[in-house]
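Coordinate analysis (summary)
The chain contents come next:
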Amino acid sequence: MKLYFPQITPLWGDWVEVVNIGDKTAHIEAIGRNRQGEVVWRGNQTLSPFKSWIISLDIEEDVSLEIDSSQLIVGARYIYSETGIAVLSGASVQGRTVGKRFFLLSELLPGTKDWFRFLNVGELDAHVFLTVWSNEGQIITQRDITLPPFHWWDVGERERNVPSNTNFEISSDQPLVVERHIYYRVSGREMMYGYICQAIGG
């Protein structure tokens, strides 16, 4: 099986833990790719059942991480930064977090900021369509982009340029992983909350 992490960044000292939950020895390969889909890091490990592997990447730029295992695995990304601590599960077909359609409900309060990362994990170019809906069911804006395999698209406040009380529909002809980060303020301090989005199709 495969796990995907759309973002591993040197800014936050990220690390990933993977556990073999199968009943046989797992042969695991981890591949880090840059924004252009080029392999910049690679690691291999053999894990007996229920043994874990802590993956700490020596990188100088954001990468996506693909983990391929001969047995069932679970994994999570741990983020430690000035904006808080977050734990994001790895995306997988089995967990329904790899797919071709996503619908993201509005979660924004006044003063919050958020962004999405769309990662093409397919073997072909992905034609990705973003539709922004109002809470009254009206289309506010639409955008599209073509992403080669393992390229990503970051969509933040500037790219959306829409009101905060909106919902987002994403569709693609190749499988995607979508990660969302939300930044908000508590007692004057900026905090971060993030998650891997659930697919609703494909």
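This report concerns the structure included in the present document.

Reading the values: the criteria
- Residues numbered from 1 in each chain as written.
- Predicted model: local features only at pLDDT ≥ 70, side-chain atom pairs only at ≥ 80, totals over all residues.
- Heavy atoms only, no water.
- Buried < 20%, exposed > 50% of the residue type's maximum accessible area, 1.4 Å probe, protein only.
- Helix = DSSP H or I, 4+ residues; strand = E, 2+ residues; numbered from the N terminus.
- Pairing = 2+ DSSP bridges.
- Axes fitted to C-alpha atoms, helices over the stretch in contact; angles between N-to-C directions.
- Polar contact = N/O pair within 3.5 Å; in protein donor to acceptor, adjacent residues only side chain to side chain.
- Contact = heavy atoms within 4.5 Å.
- Salt bridge = Lys/Arg side-chain N within 4 Å of Asp/Glu carboxyl O.

**Digging into the pairing of strand 3 (residues 26-33)**
Every other side chain in a regular strand lies on the same face of the sheet, so the side chains alternate between the two faces. For strand 3, the buried fraction is high: 6 of the 8 residues fall into the buried class. Here strand 3 pairs with strand 4 (residues 39-47) via 8 bridges, running antiparallel. Along strand 4, the bridge assignment pairs glycine 32 with tryptophan 41. By the bridge criterion, 6 bridges tie strand 3 to strand 6 (residues 63-69) in an arrangement that is antiparallel. When the sheet's bridge partners are listed, glycine 32 is paired in strand 6 with leucine 65.

**What to know about unusual backbone geometry**
One non-glycine residue, phenylalanine 50, lies in the positive phi region at around 70 degrees. Mapping phenylalanine 50 onto the fold places it in the loop between strand 4 and strand 5 (52-55). A positive phi angle is found at phenylalanine 150, which is not glycine, with a value near 65 degrees. Position of phenylalanine 150 relative to the elements: it lies in the loop between strand 12 (139-147) and strand 13 (152-155).

**Description of the sheet that holds strand 1 (residues 2-8)**
Sheet architecture is open: 4 strands sit in the order 1-6-3-4, paired in antiparallel fashion. Edge strands, defined here as strands with exactly one partner in the open sheet, are strand 1 and strand 4. Averaged over all neighbouring strand pairs, the angle between strand axes comes to 15 degrees, with direction disregarded. Two strands pair when backbone bridges link them, and strand 1 and strand 6 are joined in this way by 5 bridges, in the antiparallel orientation. Directly across from phenylalanine 5, in strand 6, lies its bridge partner leucine 65.

**So, the side chain of glutamate 179**
When you line up the elements, glutamate 179 lands in strand 14 (residues 166-186). A relative accessible area of 1% places glutamate 179 in the buried class. At 2.6 Å, the side chain of glutamate 179 and the side chain of histidine 181 are in polar contact. If we ignore the near neighbours within four places in the chain, the residues touching glutamate 179 are Pro6, Gln7, Arg77, Leu88, Trp115, Phe116, Arg117, Tyr195 and Ile196.

**Points about the pattern of salt bridges**
Enumeration according to the criterion identifies 9 salt bridges in this entry. Notably, a salt bridge pairs aspartate 14 with arginine 77, separated by 2.6 Å at the nearest N-O pair. With aspartate 14 in the loop between strand 1 and strand 2 (15-20) and arginine 77 in strand 7 (residues 73-81), this residue pair connects regions lying 63 residues apart in the sequence. Residue classification places aspartate 14 among the buried residues on the basis of a relative accessible area of 6%. Arginine 77 gets classed as buried once you look at its relative accessible area, which sits at 1%. Note that arginine 42 is salt-bridged to glutamate 29, the shortest N-O span being 2.7 Å. Residue arginine 42 is located in strand 4, and its partner glutamate 29 is located in strand 3; the two are separated by 13 residues in the primary sequence. Judged by relative accessible area, which is 26%, glutamate 29 ranks as partly exposed.

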